[in-house]
Structures are given as C-alpha cells and as structure tokens.
Amino acid sequence: MTIENTEDLFVEGLQHVYYTEQRLLDALSELEESSSEEELQEGFAEHREETQQHVERLEEVFEAVGREPEAAEDPVVEGMIEAHEEFVEKEPSDGALDRFNIAAGQKSEHYEIACYGNLTPMADQLGLDEAADILERNMREEQDALDELATLGEQFDYGRIEA
Ligand SMILES: [Fe+2]
Ligand SMILES: [Fe+2]
C-alpha cells in the first residue's frame, strides 16, 4: 500500500502489529513448551491468553478506522522467532533455555510496547479516541508482562545454567 497520509501510516503500522500479535500466539506456545520452570510456563500461558485478546482488540481498531483486518508480514517478529530456533539447536541446558526464554519474552514485549507507543498517539492525532483507548489497553498488558518477566530474570538462579 502507498503511504500518502497519517491514516495510511497508521494502518500500515496496525497491519504489522496485527501480524506480530498473531505470530506471538505461536511463539508464546513455543516459549511455554520449551520452558522447564512452572512459574515461567504459567506466565507464558497467561500472556498467550491476553495475546488472543490483543488480536481481537486490533480487529476492533481496524473497524474503527473503517478497514478490513489485514496482516502485513513483520520481519522483526520473524527474526525473534528465528533467533529462538537457532538457540534451541545449540541444545542448551534446561536452565539456560529458561533464562534465554525470559530474555526472548522481554524483547518481544519491548517491541510491542514500541509499536503501541507509536500507534496510540497516531490514533489520537486522527481523532480515533476509541481506537487509542483500545491500543493503550494492549500496551498496558504488554508492560505488565514485561514487568513480570523482568522480575523472573532478576530472581533467576544461575546455578541452574550448568547442565
Ligand atoms: Fe500483545
Ligand atoms: Fe505481549
């Protein structure tokens, strides 16, 4: 699509985050399955459920802007998924993989926060108040997920790294 105005720019960003959220549904399942610690598994499972909501909320944002929901491939999330696959191939210990998964989760939350942090003021600029509220709601849940992961990272027992 050509980008000729603020609305085009907004929709372009929306299509990428819509793609990203859908790919994160797969990624969060993978993070859950590849983690060993129960608290971590539960955290990923819980955020996966929230992510399902994020996808649905984005569909409401498309509606608010009068567009059909459409996903545009986002190389950033693909790169993050690829980085995880490459790490798993190195056959890390359970502890090392858990620690990697915490960091991987944090990176994806930071990325989502950056996406929503830019889309929300654009929605405001376009006078799409409801859309801005919805985007902000997603962003708050990303922030909470990030905080939880950061805590797990800080409390991590590095004695678990050695196989
Ligand atoms: Fe999300
Ligand atoms: Fe997230």
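Residues numbered from 1 in each chain as written. Chains lettered and ligands numbered in written order. Predicted model: local features only at pLDDT ≥ 70, side-chain atom pairs only at ≥ 80, totals over all residues. Heavy atoms only, no water.

**Q** What am I meant to see in the environment of Ile113 here?
**A** Inspection of the secondary structure assignment puts Ile113 in helix H4 (residues 94–125). Between the C-alpha atoms of Ile113 and Gly153, which are 40 residues apart in sequence, the distance is 19 Å. Excluding residues that lie within four positions of it along the chain, Ile113 makes contacts with Met139, Glu142, Gln143 and Leu146. (Helix = DSSP H or I, 4+ residues; strand = E, 2+ residues; numbered from the N terminus. Contact = heavy atoms within 4.5 Å.)

**Q** When you look at the pattern of salt bridges in this model, what are you seeing that I'm missing?
**A** Applying the stated criterion to the full structure yields eight salt bridges. Two residues, Asp26 and Arg23, come together in a salt bridge whose shortest N-O distance is 3.0 Å. Here Arg23 and Asp26 lie together in helix H1 (residues 6–34), a separation of three residues that amounts to about one turn. Overlapping salt bridges bring together Glu7, Asp8 and Arg67 as one network. (Salt bridge = Lys/Arg side-chain N within 4 Å of Asp/Glu carboxyl O.)

**Q** Explain the coordination of the iron ion (ligand 2) here, please?
**A** Angles at a metal have ideal values that depend on geometry: 109.5 degrees with four tetrahedral donors, 90 or 180 degrees with six octahedral donors. Taken together, His47 (NE2), Glu109 (OE), Glu109 (OE), Glu112 (OE) and Glu142 (OE) make up the protein donors of the iron ion (ligand 2), found 2.1 to 2.8 Å from the metal. Considered as a linear motif, the donors of the iron ion (ligand 2) on their single chain read H-x61-E-x2-E-x29-E. Between the iron ion (ligand 2) and the iron ion (ligand 1), a spacing of 3.4 Å is present, and a bridge between the two is formed by Glu112. In this pair, Glu112 sits in helix H4 while Glu142 sits in helix H5 (residues 129–154), placing the two residues 30 residues apart along the sequence. Of the two residues examined, Glu112 and Glu142, each falls in the buried class. (Donors = N, O, S within 2.8 Å, 3.2 Å for Na, K, Ca; no water. Buried < 20%, exposed > 50% of the residue type's maximum accessible area, 1.4 Å probe, protein only.)

**Q** Quick question: what am I supposed to make of the packing of H1 against H4 here?
**A** Helix packing geometry: the angle between the two helix axes and the distance between the axes. Between H1 and H4, the shortest axis-to-axis distance is 10 Å and the interhelical angle comes to 160°. Taken together, the axis directions place H1 and H4 in an arrangement best described as roughly antiparallel. Crossing of H1 over H4 shows left-handed handedness. Tallied by class, residues from the contact of H1 with H4 come to 14 nonpolar, eight polar and three charged. (Axes fitted to C-alpha atoms, helices over the stretch in contact; angles between N-to-C directions. Parallel < 35°, antiparallel > 145°, perpendicular 65-115°, else oblique. Left-handed = near helix turned anticlockwise from the far one by under 90°. Nonpolar A, V, L, I, M, F, W, Y, C, P; charged D, E, K, R; others polar.)

**Q** I tried to follow helix H2 (residues 38–64) on my own but got confused; where do I start?
**A** Structurally, the α-helix is built with 3.6 residues per turn, so residues lying three or four positions apart point the same way. With 27 residues, H2 ought to run about 39 Å at 1.5 Å a step, and its terminal C-alpha atoms sit 39 Å apart, in line with that. Those residues of H2 not exposed but buried are Leu40, Phe44, His47, Thr51, His54, Val55, Arg57, Leu58, Val61 and Phe62. Summarising the contacts, the buried residues of H2 are in contact with H1, H4 and H5. Just downstream of H2 lies Gly66, where phi reads positive at about 75°. (Expected span 1.5 Å × (residues − 1).)

**Q** Could you clarify how one ought to interpret the side chain of Asp8 in this entry?
**A** With respect to the element layout, Asp8 can be found in helix H1. The residues contacting Asp8, other than those within four sequence positions of it, are Met1, Thr2, Ile3 and Arg67.

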